[in-house]
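The chain contents come next:
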Amino acid sequence: MKGAFVTLIALLTCSSAIASTPDGEMLFQENCSVCHGARGIGGSAPRLAGDASEWKSKVFERAVLSGIDDHGKPLKAPMPHWAGTSFKSDNGAMPSKLEVDAIQKYLHKQK
Ligand code: HEC
């Protein structure tokens with residue numbers, strides 16, 4: 001019984017460690033690159049690397065989650081409002097700020 005308890009704690013600790021370091025590159029490739037281009041260099045949607053990648057994280061989070069840009073203007077479709085949806089590998093869970101920050105960090109490294 002004690003062994004099972006220790007295993008359970010180990011599993012919980014381990015999965016929270018994974019959750020606290022989202023893979024920004026994977027999240028970007030799966031959810032954003034189709035419009036924003038490989039490595040965020042732009043496609044049908046604007047370039048993000050070297051542009052929005054340099055915004056304050058709060059401004060970037062607001063753009064991604066709520067669709068409001070750095071000038072306070074609404075972003076036009078087809079940019080999704082991610083707060084109302086889910087990243088592909090998240091099984092319906094709302095994207096977290098940590099995940100959005102990880103995407104921005106990945107884009108920051110691409111410029
Ligand atoms: C279906 C296409 C599509 C997908 C998928 C998409 N976007 Fe966008 N995104 C757009 C379009 C189009 C715009 C420009 C909207 C406008 O100018 O009003 C945009 C704008 C943005 C902006 C503001 C850029 C600026 O300079 O003003 C950010 C930041 C952004 N997207 C981040 C993301 C992130 C991060 C993801 C993935 C989680 C993502 N987008 C997925 C189409 C998309």
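Just above sits the structure.
Residues numbered from 1 in each chain as written. Predicted model: local features only at pLDDT ≥ 70, side-chain atom pairs only at ≥ 80, totals over all residues. Heavy atoms only, no water.

Peer 1: Hey, could you run me through unusual backbone geometry in this one?
Peer 2: Most peptide bonds take the trans form, and the phi angle of most residues other than glycine is negative. Here the amide bond leading from Ala 77 into Pro 78 is cis, since omega sits at 10°, within 30 degrees of zero. Here Pro 78 shows up in the loop between helix H4 (57-66) and helix H5 (97-108). In this model, Arg 39 sits at a positive phi of 55°, which is unusual for a non-glycine residue. Inspection of the secondary structure assignment puts Arg 39 in the loop between helix H3 (33-36) and H4. (Helix = DSSP H or I, 4+ residues; strand = E, 2+ residues; numbered from the N terminus.)

Peer 1: Please explain the site of the ligand as it appears in this structure.
Peer 2: Taken together, 20 residues surround the ligand, and among them Cys 32, Cys 35, His 36, Lys 76 and Met 79 come closest. A distance of 2.7 Å separates an oxygen atom of the ligand from a polar backbone atom of Lys 76. Elements supplying a minimum of two residues to the shell around the ligand: H3 and H4. Considering each element in turn, the shell around the ligand owes the most residues, three residues, to H4. Residues that form the shell around the ligand fall into these classes: 17 nonpolar, two polar and one charged. (Near = heavy atom within 4 Å. Polar contact = N/O pair within 3.5 Å; in protein donor to acceptor, adjacent residues only side chain to side chain. Nonpolar A, V, L, I, M, F, W, Y, C, P; charged D, E, K, R; others polar.)

Peer 1: I tried to follow the side chain of Ser 53 on my own but got confused; where do I start?
Peer 2: Among the secondary structure elements, Ser 53 is positioned in the loop between H3 and H4. We classify Ser 53 as buried; its relative accessible area is 4%. Among the polar contacts made by the side chain of Ser 53, one reaches the main-chain amide nitrogen of Gly 50 at a distance of 2.7 Å. Look past the residues within four positions of Ser 53 in its chain and what remains in contact with it is Leu 48, Gln 104, Leu 107 and His 108. (Buried < 20%, exposed > 50% of the residue type's maximum accessible area, 1.4 Å probe, protein only. Contact = heavy atoms within 4.5 Å.)

Peer 1: What is the right way to look at the coordination of the iron atom of the ligand in this model?
Peer 2: Four donors placed tetrahedrally about a metal ideally form angles of 109.5 degrees, and six donors placed octahedrally ideally form angles of 90 or 180 degrees. Looking at the iron atom of the ligand, one finds its protein donor set to be His 36 (NE2) and Met 79 (SD), positioned 2.0 to 2.2 Å from the metal centre. Considering all six donor atoms around the iron atom of the ligand, angles at the metal cover 89 to 179° and the coordination shape is octahedral. Of this pair, His 36 sits in helix H3 while Met 79 sits in the loop between H4 and H5, and the two are 43 residues apart along the sequence. Overall, the relative accessible area of 11% leaves His 36 in the buried class. (Donors = N, O, S within 2.8 Å, 3.2 Å for Na, K, Ca; no water. Tetrahedral: all angles 85-135°; square planar, octahedral: opposite > 155°, others 65-115°.)

Peer 1: Explain the nonpolar core here, please?
Peer 2: For soluble globular proteins, the rule of thumb is that nonpolar side chains tend to be buried together. The biggest cluster of nonpolar side chains holds 14 residues, and the ones touching the most others in it are Phe 28, Phe 60, Phe 87, Val 100, Ile 103 and Leu 107. It is H5 that provides the largest number of residues to this core, a total of four residues. Not counting the four nearest positions on each side in its chain, Phe 28 is found in contact with Ser 33, His 36, Gly 37, Arg 39, Gly 40, Leu 48, Ile 103, Tyr 106 and Leu 107. (Core = buried A, V, L, I, M, F, W, Y, C linked by side-chain atoms within 4.5 Å.)

In short, shape yes, function no, at least from these values alone.
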